[in-house]
Amino acid sequence: MKLLTALQIHQWDAYTIEHEPIPSIDLMERAAGKCTDFIIEQMLIAHPIKIFCGKGNNGGDGLAIARQLITEGFHPHIYILEFGAKGTDDFQANLARLHQLTTNINFIQSKDFFPEINENDIVIDALFGSGLNRPLEYLSKDIVELINQSNAIIISIDVPSGMYIDKSSKGNAVIKATRTLTFQSLKLCFLVAENADYFGEVAVLDIGLDKDFPETFDTAFEMISPSLVSSFIKPRKPFSHKGNFGHALLAAGNKGKMGAAILASKACLRTGVGLLTLSVPDEFLSVIHTAIPEAMCAVRGAKTEWKKFDTIG
């Protein structure tokens, strides 16, 4: 599975919008619907709901989720981080739709407008999404710190606010999510050790982006998956002989470290080598013969005919 950069994710959205085709506002509605369904199915809204939105498309997702929750009979409180900018077109469209259903929309212009957040609240984080390219500061940083201090259940949409998509966010102010509902594919940020305290449980929601688009470009990172491994496996004929699949020499193990030799040998045989010779010290031959009877042994230090091996490790 390819791990995309923030730019590639944006291009994937744009390609789907153009080729499905689907208006961007409808794609946002579809993504928000997946989040709303997940939240309701997981019974994550048994408490007061507070939704925090920026004015980009991640905030638009949050507004759409708020509207969908209202139509399902819930009563979320909506808080919009206000910097004076108009916001994206899809954010504005969703804000207009939301105004038709509720007046419980609040604009945060300074710390004086911060709401009280209790530990029994459900917080939906839709402040900043995958396009973030610099650390949060000032009011944005302050609201993230307020949310983190609340001990509430926090659900981040696509990515915890403050987290970069394709690199470590160490040292940045980042939402500490209980769960993250990310769109379409796993992101590199969820595989970076320094980010582990921030994204919680990650659910990947299929929002219907074009399935073939990621195959049209290369990525710096790719995650090994069962489907990727399966594509490398060549079927063997029913009457194949082990001698047809190579002979490997593996030098491993020593006093106190024979477990490594056993594990490496099993991995070597499991991944398809036909014949395996394990080079170990003489006093540990019985360990190998007992644990891995299918492997042959060569005494380490003795004269070895290297030419008979296809692979040496």
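The sections below set out a description of the structure shown in this document. Predicted model, so just to flag it, every value in this text is computed and none were measured.

Rules used in this analysis
Residues numbered from 1 in each chain as written. Predicted model: local features only at pLDDT ≥ 70, side-chain atom pairs only at ≥ 80, totals over all residues. Heavy atoms only, no water. Helix = DSSP H or I, 4+ residues; strand = E, 2+ residues; numbered from the N terminus. Rg over C-alpha atoms; globule rule 2.2 N^0.38 Å. Contact = heavy atoms within 4.5 Å. Areas by Shrake-Rupley, 256 points an atom, 1.4 Å probe, with all protein chains shown as cover. Lys, Arg positive; Asp, Glu negative; His and termini not counted. Charge placed at Lys NZ, Arg CZ, Asp CG, Glu CD. Pairing = 2+ DSSP bridges. Axes fitted to C-alpha atoms, helices over the stretch in contact; angles between N-to-C directions. Parallel < 35°, antiparallel > 145°, perpendicular 65-115°, else oblique. Left-handed = near helix turned anticlockwise from the far one by under 90°. Nonpolar A, V, L, I, M, F, W, Y, C, P; charged D, E, K, R; others polar. Disulfide = S-S within 2.5 Å. Polar contact = N/O pair within 3.5 Å; in protein donor to acceptor, adjacent residues only side chain to side chain. Buried < 20%, exposed > 50% of the residue type's maximum accessible area, 1.4 Å probe, protein only. Arc of directions from axis to C-beta.

**Observations concerning the overall build of the protein**
Argument step 1. What the protein contains, in helices and strands, is 9 helices and 13 strands.
Argument step 2. Its C-alpha atoms give the protein a radius of gyration of 27 Å, clearly above 20 Å, the size a compact globule of 313 residues would have.
Argument step 3. In terms of overall dimensions, the protein has C-alpha extents of about 85 × 45 × 35 Å along its principal axes.
Argument step 4. The long-range fraction of contacts in the protein, counting pairs at least 24 apart against all pairs at least 6 apart in sequence, stands at 73%.
Argument step 5. About 16,900 Å² of surface is accessible on the protein, with carbon and sulfur atoms providing 54% of the total.
Argument step 6. For the protein, the distance from the average site of its 29 positive side-chain charges to the average site of its 36 negative ones is 12 Å.

**Regarding the sheet that holds strand S12 (residues 296-299)**
Two modes of strand pairing occur in sheets, parallel and antiparallel, and in both the strands are linked by backbone hydrogen bonds.
Argument step 1. Strand order in the open sheet formed by 4 strands is S12-S11-S10-S13, and the pairing between neighbours is parallel. Two strands in the sheet have a free side with no partner beyond their single neighbour: S12 and strand S13 (311-312).
Argument step 2. Where strand S11 (residues 275-280) lies against S12, 4 bridges are found, and the strand directions are parallel. If you follow Val280 over to S12, its bridge partner there is Val299.
Argument step 3. Sheet contacts for helix H8 (residues 258-270): strand S10 (247-251) and S11; angle to S11, the most-contacted strand, approximately 165°.

**Describing the packing of helix H2 (residues 24-41) against helix H3 (residues 57-71)**
Argument step 1. Relative to each other, H2 and H3 sit at 55°, their axes nearing to 8 Å. Relative to H3, the element H2 is oriented oblique. Considering how the two elements wind past one another, H2 and H3 form a crossing that is right-handed. In this structure, H2 contributes Met28, Glu29, Ala32, Gly33, Cys35, Thr36 and Ile40 to the contact, and H3 contributes Asn57, Gly60, Asp61, Ala64, Ile65, Arg67, Gln68 and Leu69.
Argument step 2. In terms of residue class, the contact of H2 with H3 is made up of 7 nonpolar, 5 polar and 3 charged.

**Digging into the state of the cysteines**
Argument step 1. A complete count under the given rule lists 0 disulfides for this structure.
Argument step 2. Counting only cysteine sulfurs, Cys53 is the nearest neighbor of Cys35, a cysteine outside any disulfide, at a range of 12 Å.
Argument step 3. Note on Cys268: no disulfide assigned, nearest cysteine sulfur contributed by Cys297 at a separation of 13 Å.

**Brief notes about the side chain of Thr219**
Argument step 1. If you trace the backbone, Thr219 turns up in the loop between strand S8 (201-205) and strand S9 (221-222).
Argument step 2. Of note is the side chain of Thr219, whose polar atom sits 2.9 Å from the backbone oxygen of Phe221.
Argument step 3. In contact with Thr219, other than residues within four places in its own chain, are Lys2, Leu3, Leu4 and Gln8.

**Some words on the sheet that holds strand S3 (residues 77-81)**
Argument step 1. Sheet architecture is open: 7 strands sit in the order S4-S3-S2-S5-S6-S7-S8, paired in parallel fashion. Either end of the sheet is taken by a strand with one partner, and the two such strands are strand S4 (105-108) and S8. Strand after strand, the sheet turns through a mean of 20° between neighbouring axes, direction not considered.
Argument step 2. Bridge count between strand S7 (residues 179-183) and S8: 5 bridges; the pairing is parallel. Looking at the pairing, Leu181 lines up with Ala203 of S8.
Argument step 3. Together, strand S2 (49-53), S3, strand S5 (122-126), strand S6 (153-157) and S7 form the strand contacts of H3, whose direction differs from that of S2 by roughly 155°.

**A closer look at unusual backbone geometry**
Argument step 1. Here the bond from Glu20 into Pro21 is cis, since omega is -20°, no more than 30 degrees from zero.
Argument step 2. Mapped onto the elements, Pro21 comes out in the loop between helix H1 (6-19) and H2.
Argument step 3. For Gln184, which is not glycine, the phi torsion reads 70° and is therefore positive.
Argument step 4. Among the secondary structure elements, Gln184 is positioned in the loop between S7 and helix H6 (196-199).

**Overview of helix H4 (residues 89-99)**
Argument step 1. For H4, every residue scored as buried is listed here: Asp90, Phe91, Asn94, Leu95 and Leu98. Seen along its axis, H4 keeps its buried residues to an arc of 140°; they face one direction.
Argument step 2. Those residues of H4 that are buried are in contact with H2, H3, S3 and S4.

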